[in-house]
Every structure is written in C-alpha cells, then in structure tokens.
Amino acid sequence: MKTLSRRTFFKNAGIGTAAIAGISFAGHSCSNPDEEKKRISDIFNQGDTILFQGDSITDAHRDKQKETANEAGSFGRGYALLLASRLLGDQPEKELTIYNRGISGDKVYQLADRWEKDCIDLKPDVLSMLIGVNDYWHQRKKNYSGTARTYEEDYRKLLDRTRSSLPDVKLIICEPFILPNTTVVDETWIEPFSAYQNIAAGIAAEFEATWVPFQRAFNAATELAPATYWAADGVHPSMAGAQLMADTWLKSL
C-alpha cells in the first residue's frame with residue numbers, strides 16, 4: 001500500500017539549503033544503525049521502483065546488455081551499486097525494484113533522447129538524477145555548443161515531461177560536482193561550473209525534489225585526504241568517493 005504522498009516527498013523527507021549547513025557529510029552517520037535503518041525504511045513504500053539516472057558517474061561501467069533490476073552487473077561499480085545493495089539488504093520486506101540506467105558521456109538532451117525507454121517505460125516511483133558535468137565539460141572541450149542556459153532549459157523540459165507522464169514520482173536531484181587540483185579539473189573550472197550547480201539547485205527547489213549536496217560533501221572530504229583520493233581526474237569518483245556519495249545520498253533523505 002502506498003503510504004506516502006509522492007508530491008509531499010520533499011517536504012517530508014528532503015533537506016533544505018539551510019538545514020544542510022548543520023550536517024557533516026564527511027564520514028558515516030553517527031546515528032544508531034537501527035534508527036537510521038527505520039528512518040530510511042519509512043521513506044520507501046512497499047513495491048517501489050527506484051531508478052538511478054545520469055552519466056558515467058552513475059553508469060560506472062555497468063553491463064548495458066542486461067540492464068536487469070536488482071542485479072549487480074547491471075549497476076557497475078559506483079555509488080548506485082552501493083545504494084542499491086544497501087536498500088535491498090536493509091529492506092527485503094519492501095520488495096524494491098531498483099534500476100541503473102546511467103550512460104557515460106550523457107548530457108541532459110541525451111537523457112531526453114532515451115527517456116521513454118530508460119525512464120517512462122520503467123514507471124519509477126523514485127527517480128534519482130545526477131547530470132550536468134558533461135554539459136559543461138564537453139563545451140569546454142569544444143565538442144558541444146550548449147551553455148548553462150541550454151542546461152537549464154533542457155533540464156526543466158525533461159522534468160516537465162517526466163511529471164506529465166509520472167505525476168506521482170518522487171524526484172531526487174543530485175548536485176553535479178568537481179574536484180579541482182586533480183588530473184583534469186583545475187581552478188578555472190570552479191566559477192563557470194558553479195552556474196550549472198546553481199541551476200540544478202534551483203530546479204530541485206522548483207520541482208520540490210530532494211537535493212543531494214555532493215559538492216559540499218566532497219569539499220569537506222578534501223580536508224581529510226587530497227582531492228585525487230576521492231576522484232583522480234576530479235570527475236569520476238574512486239571507491240572512497242563512491243562510498244562518500246552513497247552516504248551523502250542516504251543522509252539527504
């Protein structure tokens with residue numbers, strides 16, 4: 001039985017910008033494990049379908065020939081695998097169905113091109129999206145002409161389309177992130193990329209989505225270890241970076 005209104009998901013389970021300031025994301029939760037398990041369990045309903053969408057960070061070398069729900073090879077080796085494993089392990093009674101349909105290199109318009117097959121047809125109850133780094137990076141590499149405004153317009157259009165087809169879907173919008181002082185990302189990325197992050201945050205608020213502040217988490221993590229420890233190229237997370245992302249995602253709920 002559906003016990004939680006999809007439209008009130010953000011109000012009941014999300015965290016506002018002001019609340020984020022009081023939470024540390026670098027490290028594991030200090031709450032009682034049983035209490036945390038119950039808190040997370042209360043968010044998801046019996047039989048929910050959860051979909052992770054995005055680019056290579058979500059893709060994480062998953063097996064695109066299978067694309068099977070609840071199957072490790074179909075999740076790659078990134079944060080989506082860690083989260084799916086945690087949710088399935090902690091909540092077997094919920095009978096969750098979890099998919100990963102991230103594709104390496106995608107920008108928002110490329111999500112839109114495959115959205116019917118890789119989102120609408122799956123009828124997710126919960127949709128988690130991490131998209132944006134390629135919308136800036138590929139422009140920087142001169143092989144894409146889109147701008148921050150393109151990103152905003154494409155993202156809003158895609159979510160309007162999603163809500164039109166799936167009016168009760170719970171949206172989780174993840175902040176695109178970068179780590180300077182790595183093999184690819186340097187300080188010149190910070191200012192222009194912040195425009196994309198601000199757009200994603202604004203869209204999350206506009207669509208009453210739960211916001212996952214990955215940049216804040218990684219900024220805090222670099223106080224504990226160098227940026228290259230968390231993501232060697234500044235974009236694709238290491239094992240430690242993937243775990244940090246999974247922890248941050250759960251805490252943001």
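Residues numbered from 1 in each chain as written. Predicted model: local features only at pLDDT ≥ 70, side-chain atom pairs only at ≥ 80, totals over all residues. Heavy atoms only, no water.

Participant: Can you help me understand the side chain of K107 in this one?
Facilitator: Along the chain, K107 falls in the loop between strand 2 (97-100) and helix 6 (108-113). Of the side chains with opposite charge, D106 comes closest to the buried, unpaired K107, at an N-O distance of 6.9 Å. In contact with K107, not counting residues within four places along its chain, are I131, N134, D135, H138 and Y144. (Helix = DSSP H or I, 4+ residues; strand = E, 2+ residues; numbered from the N terminus. Buried < 20%, exposed > 50% of the residue type's maximum accessible area, 1.4 Å probe, protein only. Lys, Arg positive; Asp, Glu negative; His and termini not counted. Salt bridge = Lys/Arg side-chain N within 4 Å of Asp/Glu carboxyl O. Contact = heavy atoms within 4.5 Å.)

Participant: What is the right way to look at the sheet that holds strand 3 (residues 126-130) in this model?
Facilitator: The pairing of strands in a sheet happens through backbone hydrogen bonds and is either parallel or antiparallel. Strand order in the open sheet formed by five strands is 2-1-3-4-5, with parallel pairing between adjacent strands. Lying at the two open borders of the sheet, with one neighbouring strand each, are strand 2 and strand 5 (210-212). Averaged over all neighbouring strand pairs, the angle between strand axes comes to 15°, with direction disregarded. By the bridge criterion, five bridges tie strand 3 to strand 4 (residues 170-174) in an arrangement that is parallel. The residue of strand 4 that forms the bridge with M129 is I173. (Pairing = 2+ DSSP bridges. Axes fitted to C-alpha atoms, helices over the stretch in contact; angles between N-to-C directions.)

Participant: Even after reading the chapter, I still don't get the packing of helix 11 (residues 214-221) against helix 13 (residues 239-252), so can you show me in this structure?
Facilitator: Each packed pair of helices is defined by two parameters, the angle between the axes and the distance between the axes. Their axes nearest at 10 Å, the elements helix 11 and helix 13 cross at an angle of 130°. In this view, helix 11 runs oblique relative to helix 13, as classed from their interaxial angle. Along this stretch, helix 11 crosses helix 13, giving a crossing that reads as right-handed. On helix 13, the residues that touch F214, A217, F218 and A221 of helix 11 are G241, L244, M245, T248 and W249. Of the residues that constitute the contact of helix 11 with helix 13, the class distribution is seven nonpolar, two polar and no charged. (Parallel < 35°, antiparallel > 145°, perpendicular 65-115°, else oblique. Left-handed = near helix turned anticlockwise from the far one by under 90°. Nonpolar A, V, L, I, M, F, W, Y, C, P; charged D, E, K, R; others polar.)

Participant: Please explain the environment of Y151 as it appears in this structure.
Facilitator: Counting through the fold element by element, Y151 comes out in helix 9 (residues 148-165). Between the alpha carbons of Y151 and Y196 there is a distance of 7.4 Å; along the sequence they are 45 residues apart. Setting aside residues no more than four positions away along its own chain, Y151 makes contact with V108, I131, G132, D135, P176, Y196, I199 and A200.

Participant: It is not clear to me how the pattern of salt bridges should be interpreted in this structure. Could you clarify?
Facilitator: When the charged atoms of two side chains lie near each other, side chains of opposite charge can form a pair. Within the structure shown, the criterion is met by 16 salt bridges. The salt bridge partner of R101 is E67, with a shortest N-O separation of 3.7 Å. Here the residue R101 occupies a position in the loop between strand 2 and helix 6, and E67 occupies one in the loop between helix 4 (56-59) and helix 5 (79-90), the gap between them amounting to 34 residues. Classification of R101 as buried rests on a relative accessible area of 7%. By relative accessible area, E67 is classed as buried at 15%. The partner of R161 in a salt bridge is E116, with the nearest N and O atoms 3.5 Å apart.

Participant: I keep staring at the environment of D154 and nothing clicks. Help me out?
Facilitator: You can see D154 is positioned in helix 9. Between the C-alpha atoms of D154 and A112, which are 42 residues apart in sequence, the distance is 8.2 Å. Those residues in contact with D154, other than ones at most four positions away along the chain, are V108, Y109 and Y144.

Participant: So what exactly am I meant to see when it comes to the side chain of S128 here?
Facilitator: With respect to the secondary-structure elements, S128 resides in strand 3. Overall, the relative accessible area of 0% leaves S128 in the buried class. Side-chain polar atoms of S128 contact the side chain of W249, separated by 3.0 Å. (Polar contact = N/O pair within 3.5 Å; in protein donor to acceptor, adjacent residues only side chain to side chain.)

Participant: Would you mind showing me how to read the packing of aromatic side chains here?
Facilitator: When we look at a pair of aromatic rings, we describe it by the centre distance and by the angle of the planes. Under the defined criterion, the tally for this structure stands at 14 aromatic pairs. Ring geometry for Y136 versus F193: centroids 5.9 Å apart, planes at 55°, classification tilted. Of this pair, Y136 sits in helix 8 (residues 133-140) while F193 sits in helix 10 (residues 190-206), and the two are 57 residues apart along the sequence. On the numbers, 4.6 Å between centres and 25° between planes, the contact of F177 with F218 is stacked. Taken together, the positions of F177 in the loop between strand 4 and helix 10 and F218 in helix 11 put the pair 41 residues apart, joining distant regions of the chain. Joined through ring pairs, the aromatic side chains of Y136, W137, Y151, Y155, W189, F193 and Y196 make up one cluster. One cation-aromatic arrangement involves K107 over Y144; the distance from NZ or CZ to the ring centre is 5.1 Å. Across from the ring centre of W137, 4.9 Å away, lies the NZ or CZ of K141, which sits over that ring. (Phe/Tyr/Trp six-rings, centres within 6.5 Å; stacked < 30°, edge-to-face > 60°. Lys NZ or Arg CZ within 6 Å of the ring centre and 35° of its normal.)

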